[in-house]
Amino acid sequence: MSKATTIKFKGSKVFFQKKVETPATVPVTAVTATNPATLTAAGLTAVKGDVIVVAGLEGFEGSYVVASVATDTVTLANTDWTGKSVPADYTDALAGTIQYVNEFCQLKSFQKSGSTVAQEDVSTICDVDGPNFEGGDREEGTITLQFWYDMTNPVQEQLEDYEFSQEKFWTKVVLPNNKGSVLFYGGIETGLNMDGATGSPGRWDSGCAIRVSGRRYNVKPGA
């Protein structure tokens, strides 16, 4: 008789993108206008599940999750560049792999709300059994974090920096026992709070919320 699979919260690792002034430093030599899209950059040290940043290439700039790597060419997960004009000049085109702040070991809880899909009424005169709905815009939801307050911690400092700068950033959750990872992109929706009281445990508590922008990426283990 088969058993259901569970994944422990303890042993998971949570990382947030580290702000770097110039993350893209490796010259891009080619892209493909395909689905999925590919990018070639000799010397780009990326592996499956990494996030790369593309700069200086109009129409292709942004950050993308790596689905697979073959020599110097990376395939970009859920990226459709079909119909785009492939550049003739790559003089200023650069790419780089984003870096993360240290593992967030002060984290107590991580909650990602479910996405919501707007249901649009497309009923017609022939729908005699009731309204007819189709899916509309989709919102990925919010990540809510709880952690022990300590603003000398580099992760909390980085989260506060994103709160004030209003910049978007990547969140990476690595699951234990080789269960893969999940990537989210978004910005601070509710800033870091402070909550303290006497008694047990009598320690300063904190938390924040991140509004996810776009879709989540599930990265399965393996090459």
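On a predicted model such as this, the values are computed, not experimentally measured, just so you know. (Residues numbered from 1 in each chain as written. Predicted model: local features only at pLDDT ≥ 70, side-chain atom pairs only at ≥ 80, totals over all residues. Heavy atoms only, no water.)

Pairing of strand S4 (residues 38-40) with strand S7 (residues 73-76) involves 3 bridges; the strand directions are antiparallel. Along S7, the bridge assignment pairs Leu-39 with Val-74. Note that strand S6 (residues 62-70) and S7 share 4 bridges and pair antiparallel. Along S7, the bridge assignment pairs Val-66 with Leu-76. From the end of S6 to the start of S7, which pair antiparallel, there are 2 residues, and Thr-71 there has a positive phi angle of about 55°. (Pairing = 2+ DSSP bridges. Helix = DSSP H or I, 4+ residues; strand = E, 2+ residues; numbered from the N terminus.)

A separate point is the packing of aromatic side chains. Taken as a whole and assessed by the stated rule, the structure comprises 10 aromatic pairs. Both rings, one in Phe-16 and one in Phe-169, keep their centres 6.3 Å apart while their planes meet at 70°; by these two values the pair is edge-to-face. Highlighted residues: Phe-16 in strand S1 (residues 13-16) and Phe-169 in strand S13 (residues 169-174), separated in sequence by 153 residues. Relative accessible area serves as the criterion here: at 1%, Phe-16 is assigned to the buried category. (Phe/Tyr/Trp six-rings, centres within 6.5 Å; stacked < 30°, edge-to-face > 60°. Buried < 20%, exposed > 50% of the residue type's maximum accessible area, 1.4 Å probe, protein only.)

With 12 residues, helix H1 (residues 154-165) extends 16 Å from end C-alpha to end C-alpha; this agrees with the ideal 16 Å at 1.5 Å per step. Among all positions of H1, only Val-155, Gln-156, Gln-158, Leu-159 and Tyr-162 are buried. For H1, the buried positions fall inside an angular range of 160° around the axis, keeping them on one side. On its buried side, H1 packs onto S1, strand S12 (142-148), S13, strand S14 (181-190) and strand S15 (205-212). By the N-cap criterion, in which a side-chain oxygen at the helix start approaches the backbone nitrogen of a residue two or three places on, H1 is capped by Asn-153, the distance to Val-155 being 2.9 Å. (Expected span 1.5 Å × (residues − 1). Arc of directions from axis to C-beta. Contact = heavy atoms within 4.5 Å. Polar contact = N/O pair within 3.5 Å; in protein donor to acceptor, adjacent residues only side chain to side chain.)

This paragraph deals with the environment of Ile-98. Structurally, the position occupied by Ile-98 is in the loop between strand S8 (94-97) and strand S9 (107-112). Ile-98 sits 46 residues away from Thr-144 along the chain, and the two C-alpha atoms are 23 Å apart. Ignoring sequence-local partners within four residues, the contact set of Ile-98 consists of Gln-17, Val-51, Val-53 and Trp-170.

What follows is about the side chain of Thr-79. Tracing the backbone through its elements, the reader meets Thr-79 in the loop between S7 and S8. Judged by relative accessible area, which is 7%, Thr-79 ranks as buried. A distance of 3.0 Å separates a polar atom in the side chain of Thr-79 from the backbone oxygen of Ala-77. If near-sequence neighbours (up to four positions away) are discounted, Thr-79 is found in contact with Thr-34, Asn-35, Pro-36, Ala-37 and Tyr-64.

Further remarks concern the sheet that holds strand S2 (residues 26-27). Strand pairing within a sheet occurs via backbone hydrogen bonds; the two strands may be parallel or antiparallel. Overall, antiparallel pairing links the 7 strands, which are arranged S2-S8-S5-S6-S7-S4-S3 in an open sheet. Where the open sheet ends on each side, the last strands, each with one partner, are S2 and strand S3 (30-32). Pairing between strand S5 (residues 51-55) and S8: 4 bridges, direction antiparallel. The residue of S8 that forms the bridge with Val-54 is Ala-95.

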